[in-house]
Amino acid sequence: MSALFSNYGRWNLEIEKGSGCQVTDTQGKKYLDFTSGIGVCSLGHVHPAVTEAVTEQLNKLWHTSNLFQSSLQEQTAELLTAPTHLSKVLFCNSGAEANEGAIKLARKYTGKTKIITCLQSFHGRTYGSMSATGQEKIKAGFGPMVEGFEHVPFNDSNALDQAADADTAAIMIEVVQGEGGINPGSVNYLKYIGELCNKKGILLIIDEVQTGIGRTGKPFAFSHFGLEPDIVTAAKGLGNGFPVGAVIATEEVSSAFGPGSHGTTFGGNPLAMAAASAVMKEVFEPSFLEEVQKKGEYLKEELQNRLSTYEEVHEVKGLGLMVGIQCKGKVTDLITELQQNGILVLSAGEHVLRLLPPLTVSYEELRMGIEEISKAIKKQTVTA
Ligand SMILES: Cc1ncc(COP(=O)(O)O)c(C=O)c1O
């Protein structure tokens, strides 16, 4: 019997090592990894620059409290804000914790409590971030949620307009809903949110935990749409597998968190900062991001070409290297079939096959993945 909680539905497969886009299981079988953890190891497994930076820091200093100055945090914060209009960073350890911080910050800055989020959104598993999440299945059995959240349909400007009133502190959105099914916000909708927030004096929080750090071919997905959020959250890809999260804000909004107002023991840990700095030095290079955009377009278009005639497939959607294949049936069997054929993929909800390959994936690896996925879907259609 396992000594672990059974809160994760685990596959019967253990990964022992990884390099780039490839992982090897405990039986020695190799897989092409189109999951990157869950959008975490964006530079591929055991990336040399990140390994070197963390190893160097490992031999220098592991931890000091946030009561001391930290030039490592300062440098990492500068890298994180450089491609944005934002100028302040609060480091933490996960996506949920970053969103928790963002929610607290928005309430404290505005003195208001209402936060509008979207149906099908996912913001985390802590009480604040779970309350923000627009999926009942995530909240079932956990009793009363934190008050003040109102959920509106995604990509519906009218619903947002009606919900946004004088008590509203913030609108919190994912530019592309990740866990909810790889649902991209439409250009008009996202533009409208920016205008609405400006017009009504409401803060805009963008949850970039899954979309950020180059995943969509820009440092943050909001920059595709000319948005200027007040608060942005990041985690997942920021440390390439080393746990780290961040709340990024305008100087004005950040000022609501004075000394003693919010904090965390491990936030901004030197090892995490070394990893995050090394990641951003690679990922935020314009030529790297351009490649991500091109590879993302290639992946989406090739899948669209290959799968458009398959009855099983409704749609191929996404942005950058964050791609979803909306299927008619449940994708559970498809995922295990692909595992048997040496490709690791994810789901997003029951009917969406989710692809989050490392941003460093080669065209050859993309071609292999596309081939195997097409074959597996075709086989399913024939056997269904
Ligand atoms: C958009 C988004 N926000 C928040 C989270 C929660 O992040 P974490 O699991 O690091 O707490 C996730 C995780 O999937 C996410 O996709």
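Thresholds, definitions, all that
- Residues numbered from 1 in each chain as written.
- Predicted model: local features only at pLDDT ≥ 70, side-chain atom pairs only at ≥ 80, totals over all residues.
- Heavy atoms only, no water.
- Helix = DSSP H or I, 4+ residues; strand = E, 2+ residues; numbered from the N terminus.
- Buried < 20%, exposed > 50% of the residue type's maximum accessible area, 1.4 Å probe, protein only.
- Contact = heavy atoms within 4.5 Å.
- Near = heavy atom within 4 Å.
- Polar contact = N/O pair within 3.5 Å; in protein donor to acceptor, adjacent residues only side chain to side chain.
- Nonpolar A, V, L, I, M, F, W, Y, C, P; charged D, E, K, R; others polar.
- Domains from an automatic or database assignment.
- Buried area = accessible area lost by both parts, 1.4 Å probe.
- Salt bridge = Lys/Arg side-chain N within 4 Å of Asp/Glu carboxyl O.
- UniProt positions renumbered as here; feature names shortened; annotations may be inferred.
- Pairing = 2+ DSSP bridges.
- Axes fitted to C-alpha atoms, helices over the stretch in contact; angles between N-to-C directions.
- Parallel < 35°, antiparallel > 145°, perpendicular 65-115°, else oblique.
- Left-handed = near helix turned anticlockwise from the far one by under 90°.

Student: Can you explain the overall build of the protein chain? Please cite residues and give values.
Tutor: Secondary structure summary: the protein chain contains 13 helices and 17 strands in total. For the protein chain, the spread of C-alpha atoms along the three principal axes comes to 60 × 55 × 50 Å. Out of the 384 residues in the protein chain, the part that is buried amounts to 52%. In the protein chain, the proportion of contacts linking residues at least 24 apart, taken out of those at least 6 apart, comes to 72%.

Student: So what's going on with the site of the ligand? Which residues, and what values?
Tutor: Near the ligand, the surroundings consist of 13 residues, among which G95, A96, D207, Q210 and K236 are the closest. Between an oxygen atom of the ligand and a side-chain N or O atom of Q210, the distance comes to 2.8 Å. A distance of 3.3 Å separates an oxygen atom of the ligand from a polar atom in the side chain of K236. Split by residue class, the shell around the ligand holds three nonpolar, six polar and four charged.

Student: Which residues make up the domain arrangement of the protein chain, and what are the values?
Tutor: Partitioning the protein chain into domains gives domain 1 (52–283) and domain 2 (286–331 + 343–352 + 362–384). If you average the C-alpha positions of domain 1 and of domain 2, the two centres end up 27 Å apart. Facing 19 residues of domain 1, the contacting portion of domain 2 comprises 15 residues. Both faces considered, domain 1 and domain 2 share a buried interface measuring about 1400 Å² in area, 69% of it formed by carbon and sulfur atoms. Taken together, the connections running from domain 1 to domain 2 amount to zero salt bridges. The tally of links between domain 1 and domain 2 comes to four residue pairs in polar contact (both at pLDDT 80 or more). Of all elements in the fold, only β9 (183–184) and α10 (270–283) reach the threshold of two or more residues within the side of domain 1 that touches domain 2. Across the side of domain 1 that touches domain 2, the residue classes break down as six nonpolar, nine polar and four charged.

Student: Run through the UniProt feature "modified residue: N6-(pyridoxal phosphate)lysine" (unreviewed entry) in the protein chain, naming residues and quoting values.
Tutor: Here, the residues flagged by UniProt with the feature "modified residue: N6-(pyridoxal phosphate)lysine" (unreviewed entry) are K236. On the secondary structure map, K236 appears in the loop between β11 (231–234) and β12 (245–249). Residues contacting K236, with those up to four places away along its chain left out, are I38, G39, V40, V209, Q210 and V244. A distance of 3.1 Å separates the side chain of K236 from the backbone oxygen of I38, its partner in a polar contact.

Student: So, the sheet that holds strand β1 (residues 15–19): which residues are in play, and what are the values?
Tutor: Spatially, the four strands line up as an open sheet ordered β1-β2-β3-β15, and their pairing is mixed. Taken across any chain shown, the strands that pair with only one partner, and hence form the sheet edges, are β1 and β15 (343–344). Inspection of the sheet shows strand β2 (residues 22–25) paired to strand β3 (residues 30–33) by three bridges, in the antiparallel sense. If you follow T24 over to β3, its bridge partner there is K30.

Student: For the packing of helix α2 (residues 48–58) against α10, give the residues involved together with the corresponding values.
Tutor: Contact geometry of α2 with α10 gives a least axis separation of 8 Å together with a crossing angle of 155 degrees. Put simply, α2 runs roughly antiparallel to α10. The crossing of α2 and α10 is right-handed. In this structure, α2 contributes A49, V50, A53, V54, Q57 and L58 to the contact, and α10 contributes P270, L271, A274, A275, A278, V279 and E282. The residue inventory of the contact of α2 with α10, partitioned by class, reads 11 nonpolar, one polar and one charged.

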